[in-house]
Amino acid sequence: QVQLVESGGGLVQAGGSLRLSCLASGSTFSRYTIGWFRQAPGKEREFVAGIYWRTSDTSYADFVKGRFTIARDNAKNTVYLQMNSLKPEDTALYYCAGDVWGYSLTREVSEYDVWGQGTQVTVSS
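Here's a quick rundown of the structure.

Rules behind the numbers
Every chain begins its residue count from 1, and numbering advances along the sequence as written. The predicted origin of the model limits local features to residues at a pLDDT of at least 70 and limits the giving and counting of side-chain atom pairs to 80 or more, whereas totals for whole chains, interfaces and linings rest on all residues. Note that the side-chain values use all heavy atoms of the structure and ignore hydrogens as well as water. Secondary structure elements are taken from DSSP: a helix is a run of H or I of four residues or more, a strand is a run of E of two residues or more, and numbering for both begins at the N terminus. Atoms counted for the radius of gyration: C-alpha only. Globule rule: 2.2 Å times the number of residues to the power 0.38. The contact definition used throughout considers only heavy atoms, calling two residues in contact when any of these lie within 4.5 Å. All accessible-area figures derive from a Shrake-Rupley calculation using a 1.4 Å probe, and residue coverage is judged against the displayed protein chains alone. In summary, the charge assignment counts Lys and Arg as positive and Asp and Glu as negative, without counting His or the chain termini. A charge is said to be at NZ when it belongs to Lys, at CZ for Arg, at CG for Asp and at CD for Glu. Aromatic rings from Phe, Tyr and Trp, taking only the six-membered ring of Trp, are treated as a pair when their centres fall within 6.5 Å; an angle between ring planes under 30 degrees marks them as stacked, one over 60 as edge-to-face, and anything in between as tilted. Exposure is judged per residue with a 1.4 Å probe applied to protein chains only, and the accessible area is read against the type maximum: over 50% gives exposed, under 20% gives buried, and values in between give partly exposed. By definition, two strands form a pair when at least two bridges between them are found by DSSP. The convention used is that axes are lines fitted to C-alpha atoms, helices contributing only their stretch in contact, and that angles between N-to-C directions extend from 0 to 180 degrees. Two cysteine sulfur atoms form a disulfide, by the criterion used here, when they sit within 2.5 Å. Salt bridge, as applied in this entry: a Lys or Arg side-chain nitrogen positioned within 4 Å of an Asp or Glu carboxyl oxygen.

### Description of the overall build of the chain
The helix and strand inventory of the chain stands at 0 helices and 11 strands. In the chain, the succession of α and β elements from N to C terminus is β-β-β-β-β-β-β-β-β-β-β. The C-alpha atoms of the chain give 13 Å as radius of gyration, which agrees with the globular expectation for 125 residues (14 Å, within 12%). Principal axes of the C-alpha set define a box for the chain whose edges measure 40 × 25 × 25 Å. For the chain, the share of sequence-separated contacts (at least 6 apart) that also reach a separation of at least 24 residues comes to 60%. Accessible surface, the chain: about 6300 Å² in total, of which carbon and sulfur atoms supply 46%. On the chain, the mean spot of the 12 positive side-chain charges and the mean spot of the 12 negative ones are 6 Å from each other.

Below you can see the structure in the form of structure tokens.
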């Protein structure tokens, strides 16, 4: 089983950009669908974007379409989340998660087997 470590969070003004990274340990990374999720204080964890292990198909939550882009580099065991045009409502703790050998790209929190510790993104108005 891989371990996941997020990085790249920080404080940014509205309209700015950040790139989050999810670095995986282990040799089986290419078999993992990777999802990015976020959780704001007092709210449930929600799906942001995901990339399927087999085809690299991607999926995005409606509230980030056109602003965020997910990509993976299996040679570097890393998945990236490029976040542009950030809004104050994007403020949250962002997690990456892995679903091994998944049959589809799922948005369900419960389907993901391994989680990182999270990286904080704060967008000021």
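### Describing the packing of aromatic side chains
Tallied over the entire structure, the rule returns 7 aromatic pairs. Look at Phe37 and Tyr112: their rings are 5.1 Å apart centre to centre, the planes differ by 80°, and that puts the pair in the edge-to-face class. Taken as a pair, Phe37 in strand E4 (residues 32–39) and Tyr112 in the loop between strand E9 (92–100) and strand E10 (114–115) lie far apart in primary sequence, 75 residues in all. Accessibility classification places Phe37 together with Tyr112 in one group, the buried group. Ring geometry for Tyr95 against Trp115: centres 6.2 Å apart, planes inclined by 80°, an arrangement best described as edge-to-face.

### Observations regarding the sheet that holds strand E8 (residues 78–83)
Read from one edge of the open sheet, 4 strands run E1-E3-E8-E7, paired in antiparallel fashion. Both outer strands of the open sheet, strand E1 (4–7) and strand E7 (68–73), are each paired with one neighbouring strand and no more. Each strand axis lies, on average, 15° off the axis of its neighbour in the sheet, ignoring direction. Relative to E8, E7 runs antiparallel, the two sharing 6 bridges. Residue pairing for E8: Thr69 is matched across the bridge by Gln82.

### Considering the state of the cysteines
Throughout the structure, instances matching the rule amount to 1 disulfide. Here Cys22 is linked by a disulfide to Cys96, with a sulfur-sulfur distance of 2.1 Å. Taking the sign of the S-S torsion, about 70° here, the bridge from Cys22 to Cys96 comes out right-handed. Here Cys22, found in strand E3 (residues 18–24), pairs with Cys96, found in strand E9; they are 74 residues apart in sequence, far enough to count as distant. Overall, the relative accessible area of 0% leaves Cys22 in the buried class.

### Focus on the pattern of salt bridges
Considering all chains together, one arrives at 4 salt bridges under this definition. Of the charged contacts in the structure, one is a salt bridge between Arg38 and Glu46, with a shortest N-O distance of 2.8 Å. Arg38 sits in the buried class, given a relative accessible area of 6%. We classify Glu46 as partly exposed; its relative accessible area is 31%. Arg38 serves as the salt-bridge partner of Asp90, at 2.9 Å between the closest nitrogen and oxygen. With a gap of 52 residues between them, Asp90 in the loop between E8 and E9 and Arg38 in strand E4 connect regions that are remote in the sequence. Connected through salt bridges with shared partners, the residues Arg38, Glu46, Arg67 and Asp90 form a single ionic network.

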